[in-house]
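A look at the structure
What follows is the residue order along each chain.
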Amino acid sequence: MPATRKTAATAAHSLPAPATTAQPPSKKRKMDTAEQKYYAVRAGHKPGVYTSWAICQQQISGFKGAAFKYLADDAGLVKSFVSYEDALAFAEGRDPPSMAKAKPDRFYGVAVGRKPGVYTEWAKAQEAIVGWKGPKYKKFDTREAAEEFVRTYGAATSTLILSEADGEQQALEPPSKKQKQAEKPPPPRGNVLVVYTDGSSLGNGRSGASAGVGVYFGPNDPRNVSERLEGPVQTNQRAELTAILRALEKVDETQDIELRTDSKYSIQCVTEWYINWEKNGWMTNGGAVKNQDLVRAIRAKLEQREQKGGLTQFIWVKGHNNDAGNVAADHLAVEGARK
């Protein structure tokens, strides 16, 4: 009898064939065990629900793209599902009943960043992109859409998708050629629009300086901008930020855009530094944040674009390095400064 009881305790409640239905443990079995534990395997050598962590590990060890789930206690020890229904739901690809109320309603896809993946908390998504050169990220209403975004815009190698809210870890592989042919392609997003921006200040930092703004969409494009910087402060930094703002004003909010500039200052202002500035009421140890009117205006535009579905990416380019677009934007900025 002891041997029989041990075998039953480590048996797998495997996922049934489509024609059958898995049965939860009987009432008698529930009474025999003070706290039955269940481990769910959604993708592995043999998907199903297991009552032994060791056997569960056997199903995922060495399996490419394994998806399993367990809960961890405060001490970092493995703690299983306490509900067979929850474990079975996860193994079958459904949301566990007990976690239905906690289901996140926002998903942040980070295709390019410090740690690409899908996040359910904006604070953690920010950690994955802050300080990263040229991050690509976007908010979605469903996990599937966020994962598709990461697959489409992320690296060609396999991308690790992390669900920070529920502890799930799943490796997503790029779709094979056969999968691409069989799967319905995502809705077309259109081509990414590349725009160059630049600012120039003749006599920068001196009395009587004259600054100009340059935005270059392409040869003879009516959206190109060459204008004198408005206001009494005629610095290069204000001209650079104004050029970015002008570019955003010229582009539809649903259009994906890649802004290329040789101003690292401007990029860091609107993608990284603004976070702490907002927390500190736009004040630093040296006083009020300089050029905050432009930074805040750009951030407002970026947030509007995010809400409308437009992807915005900043790319730093080396100035005066024979980049045709950068050279053209520089000419427009210099011409604007001379007006």
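Residues numbered from 1 in each chain as written. Predicted model: local features only at pLDDT ≥ 70, side-chain atom pairs only at ≥ 80, totals over all residues. Heavy atoms only, no water.

Under the annotation held in an unreviewed UniProt entry, the chain carries the name Ribonuclease H and is attributed to Canariomyces notabilis. In the Catalytic activity (unreviewed entry) part of its UniProt record, the chain is described as follows: "Endonucleolytic cleavage to 5'-phosphomonoester." (UniProt positions renumbered as here; feature names shortened; annotations may be inferred.)

Moving on: helix α8 (residues 236-250). The first and last C-alpha atoms of α8 sit 21 Å apart over 15 residues, in line with the 21 Å expected at 1.5 Å per residue. With respect to burial, α8 is a largely interior element, 11 of its 15 residues being buried. Buried within α8 we find R238, A239, E240, L241, T242, A243, I244, L245, R246, A247 and L248. (Helix = DSSP H or I, 4+ residues; strand = E, 2+ residues; numbered from the N terminus. Expected span 1.5 Å × (residues − 1). Buried < 20%, exposed > 50% of the residue type's maximum accessible area, 1.4 Å probe, protein only.)

Looking now at the packing of aromatic side chains. In this description, a pair of aromatic rings is defined by centroid distance and the angle of the planes. A complete count under the given rule lists five aromatic pairs for this structure. With centroids separated by 6.0 Å and ring planes inclined at 45°, the aromatic side chains of W277 and W282 adopt a geometry described as tilted. W282 carries the same exposure label as W277, and that label is buried. Cluster of aromatic residues (ring-pair linked, three or more members): Y265, W273, W277 and W282. Above the ring of Y274, the side-chain terminus of R299 is found at 4.0 Å from the ring centroid. (Phe/Tyr/Trp six-rings, centres within 6.5 Å; stacked < 30°, edge-to-face > 60°. Lys NZ or Arg CZ within 6 Å of the ring centre and 35° of its normal.)

A few words now on unusual backbone geometry. Positive phi values are uncommon outside glycine, yet W282 reaches one of about 60°. Its place among the elements puts W282 in the loop between α9 (264-279) and β16 (283-284). On the basis of relative accessible area, W282 is assigned to the buried category, the value being 8%. One non-glycine residue, N322, adopts positive backbone phi at about 65°. Checked against the element boundaries, N322 lands in the loop between β18 (312-316) and α11 (324-337).

Moving on: empty space enclosed by the protein. Applying the stated criterion across every chain yields a total of four cavities of 30 Å³ or more. Considered as a void within the structure, the largest cavity measures approximately 180 Å³ in volume. Along the walls of the largest cavity sit P135, Y137, K138, V270, T271, R299, L302, E306, G310, L311, T312 and F314, which together make up its complete lining. Looking at the lining of the largest cavity, the element that brings in the most residues is helix α10 (residues 292-308), giving three residues. Of the residues assigned to the lining of the largest cavity, the class counts are six nonpolar, three polar and three charged. Its volume calculated, the second largest cavity comes out at about 70 Å³. Elements that contribute at least two residues to the lining of the second largest cavity include exactly α5 (122-129) and α9. (1 Å grid on protein atoms, 1.4 Å probe; cavity = no way out; pocket = protein on both sides within 12 Å on 5 of 7 lines; lining within 4 Å. Points joined across faces, edges and corners; volume = space filled by probe spheres on them. Nonpolar A, V, L, I, M, F, W, Y, C, P; charged D, E, K, R; others polar.)

Right, let's talk about the sheet that holds strand β14 (residues 225-228) for a bit. Note on sheets: strands pair through backbone hydrogen bonds, and any given pair is parallel or antiparallel. Within the open sheet, the five strands sit side by side as β14-β13-β12-β15-β18. Their pairing is mixed. For this open sheet the edge positions go to β14 and β18, each flanked by a neighbour on one side alone. If you compare each strand with its neighbour and ignore which way they point, the axes differ by 20° on average. In the sheet, strand β15 (residues 257-261) pairs with β18 via five bridges, with the strands oriented parallel. Within β18, the residue paired with E258 across the bridge is Q313. Sitting on the sheet, α8 is in contact with β12 (193-202), β13 (210-216), β14, β15 and β18, with an inclination near 150° to β12. (Pairing = 2+ DSSP bridges. Axes fitted to C-alpha atoms, helices over the stretch in contact; angles between N-to-C directions. Contact = heavy atoms within 4.5 Å.)

Before going further, it helps to examine the side chain of D330. Tracing the sequence through the fold places D330 in helix α11. Of the side chains bearing the opposite charge, R338 lies closest to the buried D330, which forms no salt bridge; the N-O distance is 8.9 Å. Excluding anything up to four places from it in sequence, D330 contacts D198 and H320. (Lys, Arg positive; Asp, Glu negative; His and termini not counted. Salt bridge = Lys/Arg side-chain N within 4 Å of Asp/Glu carboxyl O.)

At a minimum axis distance of 9 Å, the contact between α8 and α9 shows a crossing angle of 60°. The orientation of α8 relative to α9 falls into the category oblique. The interaxial crossing formed by α8 with α9 has right-handed handedness. Two secondary-structure elements touch here, α8 through Q237, E240, L241 and I244 and α9 through Y265, S266, C269 and V270. Taken together, the residues of the contact of α8 with α9 break down into five nonpolar, two polar and one charged. (Parallel < 35°, antiparallel > 145°, perpendicular 65-115°, else oblique. Left-handed = near helix turned anticlockwise from the far one by under 90°.)

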